[in-house]
Amino acid sequence: MITGQEILWAYVLPAALVLVSCLGVAFTPRLKTGRWISNVVIAVIPAAAFALGFWQLHGWPGWVPADTTQWVMHFALLCIVIGLLRESHWMRWLCLMVLAVVFPWFLLKPIIQYDWTTPVAIAWITVYAMVILLHIGLLEHMARHLNAFRLSMILTMIAGATTVVLSLSGSLSLAKTSGILAAILLAAFLVSYWLPNKGFLLPLIPLFVVVMCGMWLSGFYYAKFNVINTILLSGSVLLAWLGMWIKLETRPAWQKFMVHACLAGAPLALAFVLALMQFMQNEANSY
Amino acid sequence: MNARAIKALFIISLSAFLTLPVAAKPETFKVDPVHSMIFFKIQHAGVGYTYGMFFNPEGQFVVDQETPENSSVTVQVKADSVNTGNTNRDNHVKGPDFLNARQFRVISFKSTSVTKTGEKTYEAKGQLSLHGVEKDIVVALEETGRAEIRGKTAMGYEGKFRIKRSDFGMTNMLAGVGDDITFQVSLEGAIQ
């Protein structure tokens, strides 16, 4: 259940902010992509737009939010800093490593507190930190080598599929949060038609990974998001990266595009079908 | 005065002393999870009421008949014990859209003051902790009975209160699921 007000303020407005600011980058010679100011725009506006959407949907989470799933907003804002550290390679990766450890730790604090022993908690946080860093590494590699149009399409597909699967899996609140990112990425996808330059979406990658990993982990631990769907959705990033290596030089651009989309989209489609089947089964016991 | 008269006077004095009212001690009762129930009702889509229940509450209540202000009550229940008679709905209610039971595992009430309002009725003010939010609420209490069960004194109270779930940070689906939740709590406890 989403109200018209929520659609307007939490999805249309953030997407419009990203659309206008990125178009500004695309059509203003002084703000051409690659320049420091364009990095600032791409790093600041999407994260700020996400925070705006989040605030409209869930209210402003206090510092140390009572609901740990709301940490995603604070970490989304932290991504602004990381996005701005593009020139300082080591500093940036140091920040990313800290984020990769602290983010799942804060997000899963109740599970760590009540369900896991210290060694188990250390093991899982290490695994999730590595998954976060792997996602950032793969997506940044793609951002450097793929045009922004292709990459933004893949990112929009992943965020959109996560939103749909979460809503089918019984968590509207998480699905709504994921939907903000999907709306922002859709705007970036539209802009990338005019601004397909490689590297354009690089500052957006930490935001994407933080929100998506936040949703997958929250869905799995706090909602009824099954393990297969979690693996399929997060695995789509790896498949999309592998899709880059398929040699299709002789094929037309649209065929390369379709092959890549199908490869990244296959696990997403499967996750959607599984979630839909589960949803239909539950319909027999609907309420 | 002869010895017989002295003896009679002593017996009268002793019996008079024994029948003097003695200040009753506060009694502490441990909540019996099997015979205590927490019901709630919430309106669905502005139409009918859906009822649900939390199982196995724990806690204790202290009853001071002479000075009710010294009475107190503490109750806690696991959030994931919620049951509304539909497994899918229960899973949804336990999830992040409502109780977020894996994060906020316990719902508790701790009284801060108890006031006698009638022959067997009381008003307990205290803090309700729900969904990670603590708020002051007022519970209307009624003594429902007192008896000896298996050689132990048992007492029962029924409490009623109403909250707005949005006050406790549960703001999802307010258009479809009512904001007001009415609780009815029946506590039975055995003396400690």
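Structure report, in brief. All values derive from a computational prediction rather than experimental measurement.

Thresholds, definitions, all that
- Once a new chain begins, its residue numbering starts again from 1 and follows that chain's sequence as written.
- Chain A is the first chain written and ligand 1 is the first ligand written, with later ones labelled in order.
- Given that the model is predicted, a residue must reach a pLDDT of at least 70 before its local features are reported, and side-chain atom pairs must reach 80 or more before they are shown or counted; all residues, however, enter totals for whole chains, interfaces and linings.
- Side-chain metrics in this entry use all non-hydrogen atoms of the structure; hydrogen atoms and water are not considered.
- Elements are defined by DSSP. Helices are runs of H or I of four residues or more, strands are runs of E of two residues or more, and each kind is numbered from the N terminus.
- Burial classes: relative accessible area under 20% of the type maximum marks a residue as buried, over 50% as exposed, and values in between as partly exposed (1.4 Å probe, protein chains only).
- The accessible surface values rely on the Shrake-Rupley method and a 1.4 Å probe; as for residues, cover is taken only from the protein chains in view.
- The contact rule is simple, with two residues in contact once any of their heavy atoms fall within 4.5 Å.
- Throughout, buried area stands for the accessible area (probe radius 1.4 Å) lost by two parts on being put together, summed over both.
- Each salt bridge in this description consists of a side-chain nitrogen of Lys or Arg and a carboxyl oxygen of Asp or Glu lying within 4 Å of one another.
- Under this definition, polar contacts are N or O atom pairs within 3.5 Å; protein pairs additionally need one hydrogen-donor-capable and one acceptor-capable atom, and for neighbouring residues in sequence, both atoms have to be side-chain atoms.
- Here the term charged refers only to Asp, Glu, Lys and Arg, the term nonpolar to Ala, Val, Leu, Ile, Met, Phe, Trp, Tyr, Cys and Pro, and the term polar to all other amino acids, Gly among them.
- DSSP-based pairing: two strands are paired if at least 2 bridges between them are found.
- Residues scored as charged are limited to Lys and Arg (positive) and Asp and Glu (negative), so that His and the chain ends carry no count.
- What makes a nonpolar core is a set of buried Ala, Val, Leu, Ile, Met, Phe, Trp, Tyr and Cys residues whose side-chain atoms join them at distances within 4.5 Å.
- Grid points spaced at 1 Å over the protein atoms alone were grouped into cavities, where a 1.4 Å probe fits but cannot get out, and pockets, open sets with protein on both sides within 12 Å along at least five of seven lines, with lining residues defined by an atom within 4 Å of a point.
- Grid points are joined across faces, edges and corners, and a volume is the space filled by probe spheres set on the points.
- Only a pair of cysteine sulfur atoms within 2.5 Å qualifies as a disulfide here.
- Note on aromatic pairs: the rings of Phe, Tyr and Trp (six-membered ring only in Trp) are paired at centre separations within 6.5 Å, and the planes decide the class, stacked below 30 degrees, edge-to-face beyond 60, tilted for the rest.
- Counted as over-ring charges are cases with an Arg CZ or a Lys NZ within 6 Å of the ring centre that also lie within 35 degrees of the ring normal.
- To estimate the expected span of a helix, subtract one from its residue number and multiply by 1.5 Å.
- Bend is computed residue by residue as the angle between axes fitted to the seven residues ending at the residue and the seven residues starting at it.

1. A look at the overall build of chain B
Thought 1: Tallying secondary structure elements over chain B gives two helices and 10 strands in all.
Thought 2: Taking all 192 residues of chain B together, 40% fall into the buried category.
Thought 3: Looking at chain B as shown, the accessible area adds up to about 10800 Å², and 56% of this sits on carbon and sulfur atoms.

2. Observations regarding the environment of B:Gly85
Residue and element names in this part refer to chain B.
Thought 1: You can see Gly85 is positioned in the loop between strand 5 (72-78) and helix 2 (87-94).
Thought 2: Relative accessible area serves as the criterion here: at 69%, Gly85 is assigned to the exposed category.
Thought 3: With 33 residues separating them in the primary sequence, Gly85 and Gly52 have C-alpha atoms 7.3 Å apart.

3. A look at the side chain of A:Thr156
Residue and element names in this part refer to chain A.
Thought 1: In this structure, Thr156 sits in helix 7 (residues 148-168).
Thought 2: Residue Thr156 is classed as buried on the basis of its relative accessible area of 15%.
Thought 3: Filtering out sequence-adjacent residues up to four positions away, Thr156 remains in contact with Ala182, Leu185, Leu186 and Phe189.

4. Describing the interface of chain A and chain B
Thought 1: Of the residues lining the interface, 23 residues belong to chain A; the matching set on chain B comes to 18 residues.
Thought 2: Carbon and sulfur atoms make up 50% of the area that chain A and chain B hide from each other, which totals about 1900 Å².
Thought 3: One salt bridge connects B:Arg102 with A:Asp115, and the closest N-O pair in it is separated by 2.6 Å.
Thought 4: Our count for the contact surface shared by chain A and chain B stands at eight residue pairs in polar contact (both at pLDDT 80 or more).
Thought 5: Counting residues per element, the ones that place at least two in the side of chain A that touches chain B are helix 5 (109-114), helix 8 (172-192) and helix 9 (205-222) of chain A.
Thought 6: Broken down by element, the residue count for the side of chain A that touches chain B peaks at four residues, all from helix 8 of chain A.
Thought 7: Partitioning the side of chain A that touches chain B into residue classes produces 11 nonpolar, eight polar and four charged.

5. Observations concerning the pairing of strand 9 (residues 152-164) of chain B
Residues and elements named next belong to chain B.
Thought 1: Here nine bridges tie strand 8 (residues 133-149) to strand 9, and the two strands are oriented antiparallel to one another. Bridging from a neighbouring strand, Glu142 pairs with Glu158 of strand 9.
Thought 2: Here strand 8 folds back onto strand 9, and the loop between the two strands holds two residues, one of which, Arg150, carries a positive phi near 50 degrees.
Thought 3: Looking at chain direction, strand 9 and strand 10 (residues 177-191) are connected through 11 bridges and run antiparallel. Bridge pairing links Lys160 to Gln184 in strand 10.

6. Structural notes on the side chain of B:Asp90
Residue and element names in this part refer to chain B.
Thought 1: The topology assignment puts Asp90 in helix 2.
Thought 2: Put simply, Asp90 is tucked away with no salt bridge, and the nearest opposite charge, on Arg89, sits 5.1 Å away.
Thought 3: Apart from residues lying up to four places away in sequence, Asp90 is in contact with Val82, Asn83, Thr84 and Gly85.

7. Some points on the nonpolar core
Residues and elements named next belong to chain A.
Thought 1: Counting residues in hydrophobic clusters, the biggest one holds 95 residues, and the most contacted among them are Phe50, Leu108, Leu139, Phe208 and Met212.
Thought 2: If one sorts the elements of this core by residue count, helix 9 sits on top with 13 residues.
Thought 3: Here Phe208 is in contact with Leu139, Leu155, Ile158, Ala159, Leu181 and Leu185, once residues within four sequence places are set aside.

8. Some points on the environment of B:Tyr51
Residues and elements named next belong to chain B.
Thought 1: With respect to the helices, strands and loops of the structure, Tyr51 is situated in strand 3 (residues 49-54).
Thought 2: Separated by 33 residues in sequence, Tyr51 and Thr84 place their C-alpha atoms 6.2 Å apart.
Thought 3: Each residue touching Tyr51, except ones within four places of it in the same chain, is listed here: Phe40, Lys41 and Thr84.

9. Section: empty space enclosed by the protein
Residue and element names in this part refer to chain B.
Thought 1: All chains considered together, the criterion is met by two cavities of 30 Å³ or more.
Thought 2: Lining the largest cavity we find 19 residues, and of these Ile38, Val75, Phe109, Phe161 and Val185 sit closest to its centre.
Thought 3: Those elements that provide at least two residues to the lining of the largest cavity are strand 5, strand 6 (106-116), strand 8, strand 9 and strand 10.
Thought 4: Residue composition of the lining of the largest cavity, grouped by class: 15 nonpolar, three polar and one charged.
Thought 5: Counted as a void, the second largest cavity has a volume near 160 Å³.
Thought 6: Contributing to the lining of the second largest cavity are 14 residues, with Val62, Val63, Ser71, Leu141 and Tyr157 lying nearest its centre.
Thought 7: When residues of the lining of the second largest cavity are traced back to their parent elements, those giving at least two are strand 4 (58-63) and strand 5.
Thought 8: Here the lining of the second largest cavity takes three residues from strand 4, the largest share from any one element.

10. Regarding the state of the cysteines
All names here are of chain A.
Thought 1: For the coordinates displayed, the defined rule picks out zero disulfides over all chains.
Thought 2: Cys213 forms no disulfide, and the closest cysteine sulfur to it belongs to Cys79, at a distance of 11 Å.
Thought 3: Assessed through its relative accessible area of 5%, Cys213 is described here as buried.

11. Focus on the packing of aromatic side chains
Thought 1: Counted under the stated rule, the structure contains 20 aromatic pairs over all chains.
Thought 2: An angle of 65 degrees between the planes, with centres 6.0 Å apart, marks the rings of A:Trp71 and A:Phe75 as edge-to-face. Here A:Phe75 and A:Trp71 lie together in helix 3 (residues 71-84), a separation of four residues that amounts to about one turn.
Thought 3: Of the residues examined, A:Phe75 reaches a relative accessible area of 6% and is grouped as buried.
Thought 4: Taken together, A:Trp63, A:Trp71, A:Phe75, A:Phe103, A:Trp105 and A:Phe106 form an aromatic cluster joined through their ring pairs.
Thought 5: Of note, A:Lys109 hangs over the ring of A:Phe106, and the distance from its end group to the ring centre comes to 5.9 Å.
Thought 6: Its end group placed over the ring of B:Tyr49, B:Lys41 keeps NZ or CZ at 4.3 Å from the ring centre.

12. Let's talk about helix 1 (residues 4-27) of chain A
All names here are of chain A.
Thought 1: When the terminal C-alpha atoms of helix 1 are compared, their 32 Å separation across 24 residues agrees well with the 34 Å that a helix rising 1.5 Å per residue should span.
Thought 2: Its maximal kink placed at Val12, helix 1 deviates by approximately 35 degrees, while the proline Pro14 follows within four residues.
Thought 3: For helix 1, the full list of buried residues reads Glu6, Ala10, Tyr11, Pro14, Ala15, Val18, Ser21, Cys22 and Val25.

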